Amino acid sequence: DQQVKQNSPSLSVQEGRISILNCDYTNSMFDYFLWYKKYPAEGPTFLISISSIKDKNEDGRFTVFLNKSAKHLSLHIVPSQPGDSAVYFCAATDSWGKLQFGAGTQVVVTP
Amino acid sequence: EAGVTQSPTHLIKTRGQQATLRCSPISGHTSVYWYQQALGLGLQFLLWYDEGEERNRGNFPPRFSGRQFPNYSSELNVNALELEDSALYLCASSLVQGRVYEQYFGPGTRLTVT
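Conventions and cut-offs
- Residues numbered from 1 in each chain as written.
- Chains lettered and ligands numbered in written order.
- Predicted model: local features only at pLDDT ≥ 70, side-chain atom pairs only at ≥ 80, totals over all residues.
- Heavy atoms only, no water.
- Contact = heavy atoms within 4.5 Å.
- Buried area = accessible area lost by both parts, 1.4 Å probe.
- Polar contact = N/O pair within 3.5 Å; in protein donor to acceptor, adjacent residues only side chain to side chain.
- Helix = DSSP H or I, 4+ residues; strand = E, 2+ residues; numbered from the N terminus.
- Nonpolar A, V, L, I, M, F, W, Y, C, P; charged D, E, K, R; others polar.
- Salt bridge = Lys/Arg side-chain N within 4 Å of Asp/Glu carboxyl O.
- Buried < 20%, exposed > 50% of the residue type's maximum accessible area, 1.4 Å probe, protein only.

A. Region of interest: the interface of chain B and chain A. In this assembly, 21 residues from chain B lie in contact with 22 residues from chain A. Between chain B and chain A, roughly 1,800 Å² of surface is buried when both sides are summed, and carbon and sulfur atoms account for 60% of that area. Put simply, chain B and chain A have 3 residue pairs in polar contact (both at pLDDT 80 or more) between them. It is strand 5 (residues 43-50) of chain B that provides the largest number of residues to the side of chain B that touches chain A, a total of 4 residues. Residues of the side of chain B that touches chain A, tallied by class, amount to 11 nonpolar, 8 polar and 2 charged.

Spelled out as structure tokens, the structure:
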């Protein structure tokens, strides 16, 4: 039962433009959400997080938006850079120690 | 500061054998988590250890087990290996006990079962 879904397996964006990654979840008990970035042959690296009591969190070029009523969150990357090319995972938690991940979105930033 | 380390990088086993994977957390981190990433799938939560105790477990059969040592390093053991156990196994550590917060991942161990 996939409770965190990333329905776009891939995204191609031009350098300098905005990348928007989407994530939907089904479990209303999720109260903390995270985005991870993964390069090939490396483990995922933490990018940004948001608590369910907020609807927006910003860190440099990265902003995460949370819409609890729609059970939807998104990650905006502005401006996109070639080094942003990676797989991005959305994750959520409702209990101690257990992160539930989406299947990932492959982002390719083109010159 | 050294990150999370895992060994071995690659492991090849035959069906029915046992596999042991190792993880060393970031210095000062007491929580260790294990995840499985099968081909084309997201990361699936396996186990969480903190202060030497198993705190939470994912939907995996009992032949997946592990332990955490006094120095907070951890082992994941997979008994009676099956072909579908072939996957990337990722270990993560975190500083804050209980709440998930930011987990820092190692590079993973690629397990291939033939």
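B. Local environment of the environment of B:Phe64. Summarising the element assignment, B:Phe64 is placed in strand 7 (residues 64-68). Setting aside residues up to four positions removed in sequence, B:Phe64 forms contacts with B:Gln36, B:Leu46, B:Arg57, B:Asn77, B:Val78, B:Asp85 and B:Tyr89.

C. A look at the pattern of salt bridges. All names here are of chain B. The full count for this structure, using the stated rule, is 9 salt bridges over all chains. A salt bridge links Glu 82 to Arg 63; the shortest N-O distance between them is 3.4 Å. With Glu 82 in the loop between strand 8 (74-78) and strand 9 (87-94) and Arg 63 in the loop between strand 6 (53-57) and strand 7, this residue pair connects regions lying 19 residues apart in the sequence. Here Glu 75 ties to Arg 67 by a salt bridge, and the two come within 3.3 Å at their closest N and O atoms. Judged by relative accessible area, which is 10%, Glu 75 ranks as buried. Of the residues examined, Arg 67 reaches a relative accessible area of 44% and is grouped as partly exposed.

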